[in-house]
Every structure is written in C-alpha cells, then in structure tokens.
Amino acid sequence: VKGTLLNKYDLGFKFDKDFERTNKHQNKMTRDILFIERNLGFLRPGGRMAIVLPQGVFNNTNQEYIRRYIMKHARLLAVVGLHGNSFKPHTGTKTSVLFLQKWRSDEEREQAGNYPIFMATSEKPGKNNSGDYVFAMDENNNIKKDENGAYVYDTDLDEIAGKFIEFAKKHNFDFI
C-alpha cells in the first residue's frame, strides 16, 4: 500500500549519493514534502509559487534530497524565516516561506550558475506567545488603523515584502 501512492512521486523514493533516484521508497514521508513536488508539477515553465515549510526541510541533513530536488526544478527567489508565533495558537513550529520560479528549461538552469537569493527573517509576527494578535500602536498609545479603518497588526512582513521588491528590481527579476 505504501508503495502505490509513493510511486507517483519522485520524492517518495530514496536518492543515491549522485542524486539519482533509486527504486527504494523513503522510510518516512510527510504530505508537505509530496505537496512540494505536486505544486512544482502544476507550474508552467517560468511560473512562480510560494510555500510555507517547516524549518527542518532547510536544516536537516537527512532532507538534503528535498532541497536538491527543489533546486533542480526551480530557481530559489527568496527565503523568509517566520517567527515561531506566526501560526499560533495552532502550532509553534518554526517555518519559512520559500519563493520559487520554475526553470523554463534545463539550459536556463545550467546557465544560471550562482545567482542572488533574497533572505530575510521576520521578528515581528503580529502575534504574542499565546497566539493573540498584537496591534501596532500610534504615538498616543491607540491602535493604529489603515486608510480603510482596519486595525494594523504589529508585523514586519510588509517591510520585508518591500525589501524583496527592491531586491528583485535591482537584480532584474523578470516579474517586477
């Protein structure tokens, strides 16, 4: 039973030291890993996606095959580390958002060589340790409101997004 579902995914198999897929299935597989492959498959060449992944995918040595798979199929545009409170109260798992653009061709990937990648870490998630929202305050200690009258969360994600746009323009990303 395990093999039937995993047979549909390259990431369901183990890889050898040269990153060639073997015929042996992974011992343990989570849906989020298969989700990466499925969504990359949905993208057209040049298409972009953002995906939130557990920090372990970026750090664990036994998950290198996932990072290599991603880099083979897509250009890494940005990695934004999220604060541990970002998804509280549902989970305190440390996560990052990965921004990718599917390679248009093998030739494009080979010609890319080393390229710049935007990196940032959010330190103001707009939530406290209990998962309650934290709002930005004005100089009179009142909750700030935006031009539509909605409360403004105390987060740095808008600032990070602005810096990413500047970075993308500086490096001539084709979608800005």
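Structural data are supplied above this passage.
Residues numbered from 1 in each chain as written. Predicted model: local features only at pLDDT ≥ 70, side-chain atom pairs only at ≥ 80, totals over all residues. Heavy atoms only, no water.

Undergrad: Looking at this model, I keep getting lost on a nonpolar patch on the surface. Mind explaining?
TA: Taken together, the side chains of M137, I143 and Y151 define a hydrophobic patch exposed on the protein surface, amounting to about 270 Å² of accessible area. Tracing the backbone shows M137 in the loop between strand 6 (118–121) and helix 6 (157–170). We classify M137 as partly exposed; its relative accessible area is 38%. (Patch = residues over 30% accessible without salt bridge, like charges linked within 9 Å, V, L, I, M, F, W, Y side chains within 5 Å. Areas by Shrake-Rupley, 256 points an atom, 1.4 Å probe, with all protein chains shown as cover. Salt bridge = Lys/Arg side-chain N within 4 Å of Asp/Glu carboxyl O. Helix = DSSP H or I, 4+ residues; strand = E, 2+ residues; numbered from the N terminus. Buried < 20%, exposed > 50% of the residue type's maximum accessible area, 1.4 Å probe, protein only.)

Undergrad: Is there a simple way to explain the nonpolar core in this structure?
TA: One broad rule of soluble globular proteins: the nonpolar side chains tend to lie buried together. Counting 23 residues, the largest nonpolar core has I36, L40, L98 and L100 as the members making the most contacts within it. Among the secondary structure elements, those contributing two or more residues to this core are helix 2 (31–42), strand 3 (48–54), helix 3 (56–59), helix 4 (64–73), strand 4 (74–81) and strand 5 (95–102). Per element, the largest residue contribution to this core is 4 residues, and it comes from helix 4. Discounting residues that sit within four places of it in the chain, L40 has contacts with M49, Y69, I70, H73, A74, L100 and K102. One finds L82, I160, F164 and F173 within the second-largest nonpolar core, a separate group that totals 12 residues. (Core = buried A, V, L, I, M, F, W, Y, C linked by side-chain atoms within 4.5 Å. Contact = heavy atoms within 4.5 Å.)

Undergrad: How should I be thinking about the pattern of salt bridges in this particular structure?
TA: Opposite charge on two side chains makes pairing possible when the charged atoms of those side chains draw close. All told, the structure shown has 6 salt bridges when counted by the stated rule. A salt bridge links R109 to D106; the shortest N-O distance between them is 3.1 Å. Residue R109 and its partner D106 are located together in helix 5 (residues 106–112), separated by 3 residues, close to a single helical turn. For R109, a relative accessible area of 25% puts it in the partly exposed group.

Undergrad: Would you take a moment to explain the layout of surface pockets for this structure?
TA: Where empty space is left becomes clear once a probe the size of a water molecule has been rolled over the atoms. The calculated volume of the largest pocket comes to roughly 320 Å³. Residue lining of the largest pocket: 13 residues in total, with K28, T30, I33, N62 and Q63 positioned closest to the centre. Mapped onto the lining of the largest pocket, the elements with two or more residues apiece are helix 2 and helix 3. Split by residue class, the lining of the largest pocket holds 5 nonpolar, 6 polar and 2 charged. Taken as a whole, the second largest pocket encloses approximately 190 Å³ of empty space. Looking at the second largest pocket, the residues that line it are V57, F58, E64, R67, R68, I70, M71, L76, V79, L98 and M119. At the level of elements, helix 3, helix 4 and strand 4 are the ones that each hand at least two residues to the lining of the second largest pocket. Of the residues contributing to the lining of the second largest pocket, the split by class is 8 nonpolar, no polar and 3 charged. (1 Å grid on protein atoms, 1.4 Å probe; cavity = no way out; pocket = protein on both sides within 12 Å on 5 of 7 lines; lining within 4 Å. Points joined across faces, edges and corners; volume = space filled by probe spheres on them. Nonpolar A, V, L, I, M, F, W, Y, C, P; charged D, E, K, R; others polar.)

None of the figures reported here should be taken as evidence of function without further support.
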